[in-house]
Amino acid sequence: KDFSLTNEKDAHSSDSDENSERGNWSNKGDYLLSMVGYAVGLGNVWRFPYLTYQNGGGAFLIPYTLMLALAGLPLFFMECSLGQFASLGPVSIWRILPLFQGVGITMVIISTFVTIYYNVIIAYALYYLFASFQKVLPWSDCFSWADEFCSKTRIVSDCNTTLHGEIIHANYSFIMSNNLTCINGTITYKPVQFPSEQYWNKVALQRSSGLDETGRIVWYLALCLLLSWMIVGAALFKGIKSSGKVVYFTALFPYVILLILLVRGATLEGALDGIQYYIGRQSNITKLMEAEVWKDAATQIFYSLSVAWGGLVALSSYNKFHNNCYSDAILVCVTNCVTSIFAGFAIFSILGHMAFVSQRPVSEVVDSGFELAFVAYPEALSKLPVSPLWSFLFFFMLLLLGLDSQFATIETLTTTIQDISPRVMKKLRMPVTLGLCALLFLLGLICVTQAGIYWVNLIDHFCAGWGILIAAVLEIIGIIYIYGGNRFIEDIEMMIGKKSSSFWLWWRMCWFFITPVLLMAILIWSLITFSHPTYGSVLYPTWGTAVGWCMIIFCVIWIPIVAIVKIVKAEGNLVQRIVSCCRPAANWGPYLECHRGERYSHIVDPKKKKEHEIPTVSAFVY
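In the nomenclature of an unreviewed UniProt entry, the chain corresponds to Transporter from the organism Tichodroma muraria. Under the heading Sequence similarities (unreviewed entry), UniProt records this for the chain: "Belongs to the sodium:neurotransmitter symporter (SNF) (TC 2.A.22) family." Check the Subcellular location (unreviewed entry) section of the UniProt entry for the chain; it says "Membrane".

Our focus in this paragraph is the packing of aromatic side chains. Overall, the coordinates contain 62 aromatic pairs when judged by the stated rule. For the pair Phe 113 and Phe 554, a centre-to-centre distance of 6.5 Å together with 90° between the ring planes defines the contact as edge-to-face. With Phe 113 in helix H6 (residues 101–131) and Phe 554 in helix H22 (residues 542–556), this residue pair connects regions lying 441 residues apart in the sequence. Given the relative accessible area of 40%, Phe 554 is considered partly exposed. For Arg 22, the ring lying beneath its charged end belongs to Tyr 318, and the centroid distance is 4.7 Å.

What follows concerns helix H18 (residues 422–443). Between its terminal C-alpha atoms H18 stretches only 26 Å, short of the 32 Å expected from 22 residues at 1.5 Å a residue. Its axis deflected by about 95° at Leu 428, H18 carries its strongest bend there, up to four residues before the proline Pro 431. For H18, the full list of buried residues reads Met 425, Arg 429, Thr 433, Leu 436, Cys 437, Leu 440 and Phe 441.

Turning our eyes to something else, we now look at the sheet that holds strand S2 (residues 166–171). Strand pairing in a sheet takes place through backbone hydrogen bonds and is either antiparallel or parallel in direction. Taken in spatial order, the three strands line up as S2-S1-S3 in an open sheet, and their pairing is antiparallel. Two strands bound the open sheet, and with one partner strand each, they are S2 and strand S3 (188–189). Where strand S1 (residues 156–163) meets S2, six bridges bridge the pair, whose relative direction is antiparallel. When the bridges of S2 are listed, Asn 160 appears paired with His 169.

Its location among the elements puts Thr 409 in helix H17 (residues 387–420). Residue classification places Thr 409 among the buried residues on the basis of a relative accessible area of 11%. Apart from residues lying up to four places away in sequence, Thr 409 is in contact with Tyr 38, Ser 111 and Thr 115.

Before going further, it helps to spend a moment on the UniProt feature "binding site: Na(+) 1" (unreviewed entry) in the chain. In the UniProt entry, the feature "binding site: Na(+) 1" (unreviewed entry) is given for Gly 37, Ala 39, Val 40, Ser 304, Asn 336, Leu 401, Asp 404 and Ser 405. Spanning 369 residues, the named residues nonetheless gather at one spot, since no C-alpha pair among them exceeds 13.9 Å. Following the sequence through the fold, Gly 37 ends up in helix H2 (residues 28–39). In this structure Gly 37 comes out as buried when scored by relative accessible area, which is 1%. Residues contacting Gly 37, with those up to four places away along its chain left out, are Ala 251, Leu 401, Asp 404 and Ser 405. Given a relative accessible area of 3%, Ala 39 falls into the buried group. When sequence neighbours within four positions are dropped, the list of residues in contact with Ala 39 reads Asn 44, Ser 304, Leu 305, Ser 306, Val 332 and Asn 336.

A positive phi angle, close to 50°, is found at Gln 206, a residue other than glycine. Mapped onto the elements, Gln 206 comes out in the loop between helix H8 (195–204) and helix H9 (219–236). Note on Gln 206: relative accessible area 17%, which makes it buried.

Definitions and limits used
- Residues numbered from 1 in each chain as written.
- Predicted model: local features only at pLDDT ≥ 70, side-chain atom pairs only at ≥ 80, totals over all residues.
- Heavy atoms only, no water.
- UniProt positions renumbered as here; feature names shortened; annotations may be inferred.
- Phe/Tyr/Trp six-rings, centres within 6.5 Å; stacked < 30°, edge-to-face > 60°.
- Helix = DSSP H or I, 4+ residues; strand = E, 2+ residues; numbered from the N terminus.
- Buried < 20%, exposed > 50% of the residue type's maximum accessible area, 1.4 Å probe, protein only.
- Lys NZ or Arg CZ within 6 Å of the ring centre and 35° of its normal.
- Expected span 1.5 Å × (residues − 1).
- Bend = angle between axes of the 7 residues up to and from the residue.
- Pairing = 2+ DSSP bridges.
- Contact = heavy atoms within 4.5 Å.

This is the structure in structure tokens:
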């Protein structure tokens, strides 16, 4: 037993680590690829290209780039610096401002909700990956599972025609039987569904009529979900020492596949039409006058970079103290945005070919989210020669994009556990990690029932929205206005060296004014434009919407609860208690004594604090 415990300790930290207690990344590449893998996810492939097309094509890149500079990058740099400075996870990091420690708890709980449904999407990709190992793709035609509405082409219902010199309206069978022709612009088509759409709903999901009809667990999706959690557990059983190596494949290989898909797509007829819809002649500069376009750009940047989820703080906490987090933040953010643009070319070139083959405008085959990943794009791939190969590559890419984001999210949760109970994680890292994966698998089973897609959509609609925005707004207000922006800059300079006042001018402008104003605007806009959740044309029952509200309330309620607990436990009158809770905790500062310098020479050694003895909610109160 002693031998196994020693191995467990060495698995997460080694003799070469600067921080022997928490461990460090084996090298800079492990960290950067983990960050790229976390930031670059499914949204880069299935949301950004659609937003670009919808919001003026190439013109959309102007607000997108501006929002990167004004909102995304400042928050990203702040979180990376914060985690690296104190070498703590998203909850314990709030020693910086004890009153706001509930913000860290909110981040972790939202990440937990999201990781449950995110792995279900990975399970969908696994299912389609396995389904691609057939000579004929099962969604390439209307097979035995299809109904009468399934068709590979549009079916004419009726139209106007000329008969004996008069214009009449007739059904298409009458027109064909009398060798008549339809007058252009008068054709009405029957409501049909493409094979890929029916396969997604009837076979893959076995989708029920709504949230009210839970149905049974879809066994093959449950097995795919189990496999996806086994992959995550296997990659993380040694913490960052194992996941840091896995990401060399999971973060880099999607770029190879995107390049292959782009080259193949560019050689197809109609590809140019697709790309022109994406970013070419269809660009509409007047769209920039619409507030919705700027809101979409800010929202996409915010969610794409994964700020305010806690993951950036957790991953950066394993950096060495003097790592240049400034250049890392810029590199990862730029890589994320370039990936989004690059993915758009790969997606739209093949969708352009699909439009050409099916003789429809590109606007009718473009979609986002699940419809793009599991309906429109598979339909397009099924029309290519050697279609199983292209289908395999596409879904393998989705699998990898999802997995490395999932690795980072689970690492966020295990880092939180480690900060609360470091002794447990040193001895039992593997059982704790595998146990966490098993628990999240069980919680995710409701998402692989016949009503599972409705649950996935519901969690995404509520948890991945306002909660993150609220956490981000409070995070930047707390650190810049209460802890002190200039004080925070001094902390950063302890890591990356002294910089000139002109160097910090841009960051001060963003942190003190621009970024919080933008985040508040997005939050208010989201609240004003709130709509009840729907999936396609299916409306959610009232109780379903109520469950969504309960989820988001459960996520954010810890912010006031922890603040109240802190104030109650403080000493003095009410004002004195609030003021004391707005000051950094006695043990706030660099984790290792050798990095504290004069500014933090007074720090209380965290090893002397009995944090790990405080259970559950109180564990977050130092």
